[in-house]
Structures are given as structure tokens and as C-alpha cells.
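# Chains, contacts and geometry: an overview
One-letter residues, chain by chain:
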Amino acid sequence: MSLLAVEGLTVRDQAGRALVDDVSFAVAAGDRAGLIGESGSGKSLTALAVTGLLPPGLSATGDIRLDGVDMIRAPEKQRTAARGPVAAIVFQEPLTALDPLMTAGRQIAGPLRRLHGLRGAALRSAIGEALAEVRLTDAERIARSYPHELSGGQRQRVAIAMALACRPRLLIADEPTTALDVTVQAEILDLLDRLVATRGTALLFITHDLPVAARVTRDTHVLRDGRIVESGPIADVIARPEHPYTRTLVDSARRFDAALERTGRD
Amino acid sequence: MTEPIISADRVGYAYRGGAAVLTDVSLAVPPGRNVALVGESGAGKTTLLRLLLGLTRPTEGAIRFEGGLLTRGRLRDYRRAVQAVFQDPYSSLDPRHRIGRIVAEPLRGLGLGAEPAKVAAALEAVGLPTDTAGRYPHEFSGGQRQRIAIARAIVGNPRLLLADEPVSALDLTTRVRIVDLLGSLCADRGLTILLVSHDLGVVAELCEHTAVLEHGRLVEQGPTSQVLGAPSHPYTRRLLESVPRLPA
Amino acid sequence: MLVAIIAGGVLVSYFWLPFAPDDTSGGRLMPPGGDHLLGTDKLGRDLLTQLLIGGRIALATALGAVAVGGILGVSFGLLAGFATRWLDDAAAVVLDILIAFPTLLLAMLIVAGTGASLGTAILAIGLAMAAIVARLTRVLVKQVLGRDYITAARIAGISWPRIVASHVLPNIAPVVLVNLALQAGLAVLAEASLSYLGLGTPPPNASWGRMLYEAQATVLTAPAAALAPGLALVALVIGMNLTADGLRDLADPRRANR
């Protein structure tokens, strides 16, 4: 059975307009799936629907099973219970995901205490481990720092450490590197890549950036105007795009790649 | 050799009582040769751009315009020749003004005669319908807003366009279209571009000359084919390796 | 709408009053009905007449305080918004201290210095309002100045005074106007409180605050004398708050276009 199974998901706004329209996909344990789409494609709404975090005013129909829990119809309590240990989410701007009034260490401590019942020395060492795992050197100083005292890359590492602290079986990453510099982006992508590989965590990676998706995902679903227009292994989709929109996406990315390649040859 | 349109001559900048943001930066933009300024956040790109726009004075060195020092008295001529486009198309258009008024602003401010025909021509040049002029910014998407911002920049026929990350806030497919637009403006109107960007693909596509800025210093500059094709500085190499690319 | 009704009533009062303000011929504490629509107070004055005259004062306070607070507040806020770092920090501290001072206390101090009159009450309330408006304006100006369209305007050769007129003021106006409308409601309440304490409009001019004070002893036997000014006060303040909401909607080009 899939860890996450989405069937005919439709998200409507108050006017009844479908922002996500009949979207179906599945992520099996240990899988790496990508949702690729540009602004307005509905990719972020899909992620929010999957975690049961849709903003008020939007309603979802269809079927979402997260580890067997019905994320559309199950009571709030059950859905919350499914979120922590099963699926964790990392957002584009870590500043909005982190509590500005709490040190990084305490933020990571929250889920560890709640879900694993860790206290005292065991909790402290678990926090240290979590920070070391996201390759934050100087973990002690960082644990004592507030979010605004950290750089964008450090914040995103803390957010990832928080998301992974409870060993979820699925990590949902919504444009986690879009706000970062290229060199930092490369580091974070490496980190995500390595962490999901060593732990066997499944990954649902959401991005507008095809080359970034190619870097970390295996299966891909291309979204446009709320609908999936093409699905398949990402290597095949890039090599042989079938839908005209996917072709435009691939061509656009290739344009800049080719320009860079040319500089190497001159 | 042709006189550069603008040049930075051993420019340095430091906040009062603070550390230096820019140190010993020399850069020239000759007509017809697009220059890229590459670097990451905190490298001093934005500060250098503000100096080049005449919004802030350098604390060391000088900015030159067509060979002479950029003084207060030459500012109007300078602004007629040098215009700018910014990164965030949602912040660069006043939400309370109609597009026609936004695009005409440089004409009014620089005493160039704000005829509606000029505004219409600028909108047409960036591929927007003429009825755009009567509408408000919120009616447009990010890519369309960036076109409007470009129309405002070129409405007075400047020689040089300073473009500060003009496509990094845009979707990939929109990015291609805006880069194409900038390229065609250079070809058709004899416009030169100084592009500030961290996107090396865009740089390679648009610019003949590339300068790499790290921690307020230029670590490498030269023809783009050389800087990006055979980088000599380790930071440039790291930037190049970090660019995500599609598998071949 | 509520504001319009009250303003209309006040306007009428300049041309026509049911009775002369000092006419005490009607007998004391009459219940509503008959000649005296709302009854009379303990001196036998017609309540409706008093209410209308009180309305004049309430509106005069609102308008006067908003004028004082708006003009002083926006000017000072603009200056602080444009000021260099340390000057701006100093301005922020001064404003915070002024705001921490309760409006009533400030008003009482000023009134104590100059004697109670409608003018001093309006001035005092207006000054207190100015501090709040200035702080708001300062923050808004800073926000707008950080926008790229301001930089674009500078590059387009637009002078600072014209940038303020065409970009800064229009963009801060909606929030400031809404805030002023809310403040107008508070000003009316503040004036009523001052009058209630005997620090506002001196007698014989009726103010809603003093009417409440005078009616308080007889509130059980003649409730109309307390209810009428009380309800008028509530209606005017609610009306001003609704006006604030309306202004907000009107000022938004996104809504205006639909």
C-alpha cells in the first residue's frame, strides 16, 4: 500500500472555482516524487491539502490517504496525529515556519518532547544529533540562536532538522530552496538527497524548477492550472516530454543550460 | 576605444562606522557590450547598483558617466541615459497609479514630453496591448508587470539599462520570454544592459562580459566565455558547479 | 448613515430647535411624549433640544480633533519617516512617551492650565490623537519608502516633494484615513468623558457627557434623560467606525474597479 495516495483531489475556493482539479498520484514508502508546476498551478495547495492544512475558505473533495488516514474526512485530531510521525513539511521561507520568539534548540525540542517523550539529557543530545545531521557546525551556538540571527541557509537547515527530528516516513518539501542562493541551494539539495537516502524517508518535492526537481526526485507529476498534464519517471519526462506544456518547460530549462554550455566551448 | 557609458573607478563603500560593503571595485560598461554582475546575497551587488544609479555616493573612488565624473549637475542627463528595472515586479509599480501614468513617469520627471504616443510605443515594444495604459498593476501577472517596468525604463530611449535580477522572481517559461525581450531590445534599439544576476544561465544568454563579486570585491572579470567557460577563481567555479542542470 | 442622521440633526438645530435651550417652562423630569418628544430634564429643559445642541459639540469635537490630530500627526510622521537614523529614533521615543500618556490625563493637564472650554478640550484631544497618527504615519512612510517604485521614481527624475505627493501620500492615505475615522469616534468619547468630569464644555451649553452626569442621579425615575445622550453617543461612535470601514473599501483600487 502507498504511504500517500491521492485520488481525484479537487480543491475549490468559495466561488466554487477549482484551483486543483482531479489530481491523482501516489507516493510509496521510500519513493521520491516531484510535483512540478509554475505559479498558479495548484502545486502548493495540493501539498497543503495532503497535510490537511488548507486555509479556511478552500474545500477539498476526492480522497487523500496518508498512511491509511483519510486526510479530508477524518476528525482534526486523527489528522494531526498522522502529520507528526508520518509526514512532516518544509516550506519555502523558513522564517515563516519558525517561531521568531523561540531559539532553534527549543523549536526542535517541541516535536521530540511531544511525540517521543524525551526529557532532560536525552532531549538535549537528541537536539544536538538533529542539528549535526543537517550539517550545522557549531550546533550549540545555533541551538541558542533565534531565527532572525541565522542566515537563510541555516534557517532552512533548522527547519529540516525540525521536520526530520521525529523520523517521519514522508517528508514534504515545498520549494525549500527557492529563496536561497545557488551555492546554498546546492548544499541543501545534497543534504536532502543524502538524508532521505540513508533513512529511507519518502520525499514529496514541490518546485517550479525542473532542473532542481531532476536533481532530487525520481517520479514526477507536471501540474498546470490545477491539473496533472504528465506523469512518469523524471528522466523519461525530460528526455521525451509528451505534453506541449512539459515540452515548453524542458525547452526553457535547456535554453539556459545550452547558453552555459556554449561558454565552455568558445 | 569607445568611451564607456558608465564606469566605476576603484569604488569603495562603507556605512558610517561600519565595515566596508564594497572594496576597490572597477567596472566599465562600453556601449553595445552587455555586462553581468554576478554574486550572491550579501556580496554587495545591491549597493554597487545604488552607487551606479546615483542614489548613494561612494565613500571611495568615483562613478564616471561618459568619461566625466558623475556630479549633481549632470544627474538629469545621466538619468536620461541610464534607467533601471528591479527584481520584484510587485514592489516596483505603484499600486495606486494606472499603467499609463507609471510608464510616463520618466518622461515627466526628465522633461522629455509625456506624449501618450511615446507610452503606447513603449508598451508595444515590450509586447503589451495599448489598452494596458488605462489599467492598474494588480490586474497583471508577474511577467506582465516586469514588461511594464521595462516599458517604463525604455520609454525615454536610454542608452543603458541597469537590470537588478530582472527574472529571478519569475517562472521558468516567463523567464525565457523576458530574457528574449531584453535581448531583442538590445538588438533593435541599441540598448546596452548591465545585468545583476545570480542565474548564470541567464548571464550566459545575455551578456558578453562577466564580473564576479564576492564579499564586496570583484574576484574575477572578463569575457563571459572565459569567466564561465574557464573560471580561474575558486568561488566562480563553486557558483558554476552549483547551477542545477537537466540531465543530458 | 448613522453619522449622516446625526449630522443632519445637528444641521437642523442651527435653524430650528423645538424649544429655546434655556426654556424651563415644561416642568421637570417629564416623561417622553406630548410637547416634549423626549421629555425634560431635572431643570425642566427640553431633552431633544439639549440632545441636538450636544450633537453640535460632539461633531465639532470630532472634526476639530481630527483636523488638529490629522494635520499635526501626518506632518510629524512624514518628517520622522524621512529623518536620518538618530533623529528618527528620538522621534519614536518622544511619540511612545506621548502615547503612553492617557488622553484624558493629557487633556486634564491642558485644561487645568488654561481653564475648561470646548476649544481647549478639542486641542487636548487633538494633540493626543496627533501622537498616535504620527506614529502610524511614520511606520507607513518607512514601508512605502522601501518600495522599488520609490526608487524608480527617483531614477525617473521626480523630485522628493512630488514623490511625497504622488506616491507616498496616496499610498498611506487609506490607512491613515481609516485610523482618523476611528479616532474621531474616540475623540467624541473623550470629550464626553471630559464633560462628564466637568472639564469639557462649560454650562449652559449642553454636552452629551454632562447630560449623562446630570441625569445620573435621576436615572431610575427618568431613564430617558440618561438613555437619550447615551444612545446618541453610541450611535455616533458606531457610525464613525462604520464610516472607517466604508472609507477603507472606497480607497482600494482593487475594489473600486469591480
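Residues numbered from 1 in each chain as written. Chains lettered and ligands numbered in written order. Predicted model: local features only at pLDDT ≥ 70, side-chain atom pairs only at ≥ 80, totals over all residues. Heavy atoms only, no water.

- Under the annotation held in an unreviewed UniProt entry, chain C carries the name Peptide ABC transporter permease and is attributed to Paractinoplanes toevensis.
- Taken directly from UniProt, the Sequence similarities (unreviewed entry) text for chain C runs: "Belongs to the binding-protein-dependent transport system permease family."
- In UniProt, chain C has this text filed under Subcellular location (unreviewed entry): "Cell membrane". (UniProt positions renumbered as here; feature names shortened; annotations may be inferred.)

- As annotated in an unreviewed UniProt entry, chain B is Dipeptide/oligopeptide/nickel ABC transporter ATP-binding protein from Paractinoplanes toevensis.
- Listed under Sequence similarities (unreviewed entry) in UniProt, the entry text for chain B is "Belongs to the ABC transporter superfamily."

### Here's the deal with the overall build of chain C
- Summing up its helical and strand segments, chain C has ten helices and zero strands in all.
- Reading chain C from its N end, one meets helices and strands in the order α-α-α-α-α-α-α-α-α-α.
- Going through the 258 residues of chain C one by one, you find that 47% of them count as buried.
- The contacts of chain C with a sequence gap of at least 6 include a subset with a gap of at least 24, amounting to 68%. (Helix = DSSP H or I, 4+ residues; strand = E, 2+ residues; numbered from the N terminus. Buried < 20%, exposed > 50% of the residue type's maximum accessible area, 1.4 Å probe, protein only. Contact = heavy atoms within 4.5 Å.)

### Quick look at the sheet that holds strand 10 (residues 227–233) of chain A
Residues and elements named next belong to chain A.
- Read across the open sheet, the six strands follow the order 6-7-8-3-9-10; overall the sheet is mixed. The strands lining the two open edges of the sheet, one partner per strand, are strand 6 (87–90) and strand 10. Looking at each pair of strands side by side, their axes are set apart by 15° on average, direction ignored.
- Relative to strand 8 (residues 202–207), strand 7 (residues 170–174) is paired through five bridges, and the arrangement is parallel. Directly across from Ala-173, in strand 8, lies its bridge partner Phe-205. (Pairing = 2+ DSSP bridges. Axes fitted to C-alpha atoms, helices over the stretch in contact; angles between N-to-C directions.)

### Some points on the interface of chain B and chain C
- Facing 27 residues of chain B, the contacting portion of chain C comprises 22 residues.
- Around 2100 Å² of area is buried between chain B and chain C when both sides are counted, 54% of it from carbon and sulfur atoms.
- Our count for the chain B to chain C interface comes out at zero salt bridges.
- One can count nine residue pairs in polar contact (both at pLDDT 80 or more) joining chain B with chain C.
- Secondary structure elements with two or more residues in the side of chain B that touches chain C: strand 6 (82–85) and helix 3 (99–109) of chain B.
- With five residues, helix 3 of chain B is the largest single contributor of residues to the side of chain B that touches chain C.
- Within the side of chain B that touches chain C, the residues separate by chemical class into eleven nonpolar, six polar and ten charged. (Buried area = accessible area lost by both parts, 1.4 Å probe. Salt bridge = Lys/Arg side-chain N within 4 Å of Asp/Glu carboxyl O. Polar contact = N/O pair within 3.5 Å; in protein donor to acceptor, adjacent residues only side chain to side chain. Nonpolar A, V, L, I, M, F, W, Y, C, P; charged D, E, K, R; others polar.)

### What about the arrangement of the chains?
- With two pairs of chains in contact overall, the contact-richest pair is chains A and B.
- A gap remains between chain A and chain C, with no contact made and the closest C-alpha atoms lying 16 Å from each other.

### A word on the interface of chain A and chain B
- Each partner contributes residues to the interface: chain A has 31 residues there, and chain B has 29 residues.
- The junction of chain A with chain B conceals about 2800 Å² of combined surface from both sides, 61% of it contributed by carbon and sulfur atoms.
- Of all residues in chain A, the largest losses of buried area upon contact with chain B belong to A:Arg255, A:Phe256 and A:Leu260, amounting jointly to 25% of the total for that side.
- The tally of links between chain A and chain B comes to four salt bridges.
- Across the pair A:Glu261 and B:Arg245 runs a salt bridge whose closest N-O atoms are separated by 2.8 Å.
- Our count for the contact surface shared by chain A and chain B stands at eleven residue pairs in polar contact (both at pLDDT 80 or more).
- Elements supplying a minimum of two residues to the side of chain A that touches chain B: helix 8 (182–199), helix 9 (210–216) and helix 11 (244–265) of chain A.
- Of all the elements, helix 11 of chain A adds the most residues to the side of chain A that touches chain B, at 15 residues.
- Taken together, the residues of the side of chain A that touches chain B break down into 14 nonpolar, eight polar and nine charged.

### Brief notes about the nonpolar core
- Among the nonpolar cores identified, the biggest contains 67 residues, and B:Val103, B:Ile150, B:Leu195, B:Leu200 and B:Leu228 are the most heavily contacted of them.
- In terms of residues, this core owes the most to one element, helix 6 (residues 172–189) of chain B, which gives eight residues.
- What B:Leu200 contacts, discounting residues up to four positions off in sequence, is A:Leu260, B:Val38, B:Leu228, B:Leu239, B:Leu240 and B:Val243.
- Judged by nonpolar contacts, the second largest core, of 36 residues, contains A:Leu98, A:Ile127, A:Ala130 and A:Val212. (Core = buried A, V, L, I, M, F, W, Y, C linked by side-chain atoms within 4.5 Å.)

### Notes on the UniProt feature "transmembrane region" (unreviewed entry) in chain C
Residue and element names in this part refer to chain C.
- UniProt records the feature "transmembrane region" (unreviewed entry) for residues 57–83, 90–112, 118–137, 172–197 and 217–238 in the present numbering.
- Helix makes up 96% of residues 57–83 and strand 0%, with an end-to-end C-alpha separation of 38 Å.
- Within the segment residues 118–137, helix and strand shares are 100% and 0% respectively, and the terminal C-alpha atoms sit 27 Å apart.

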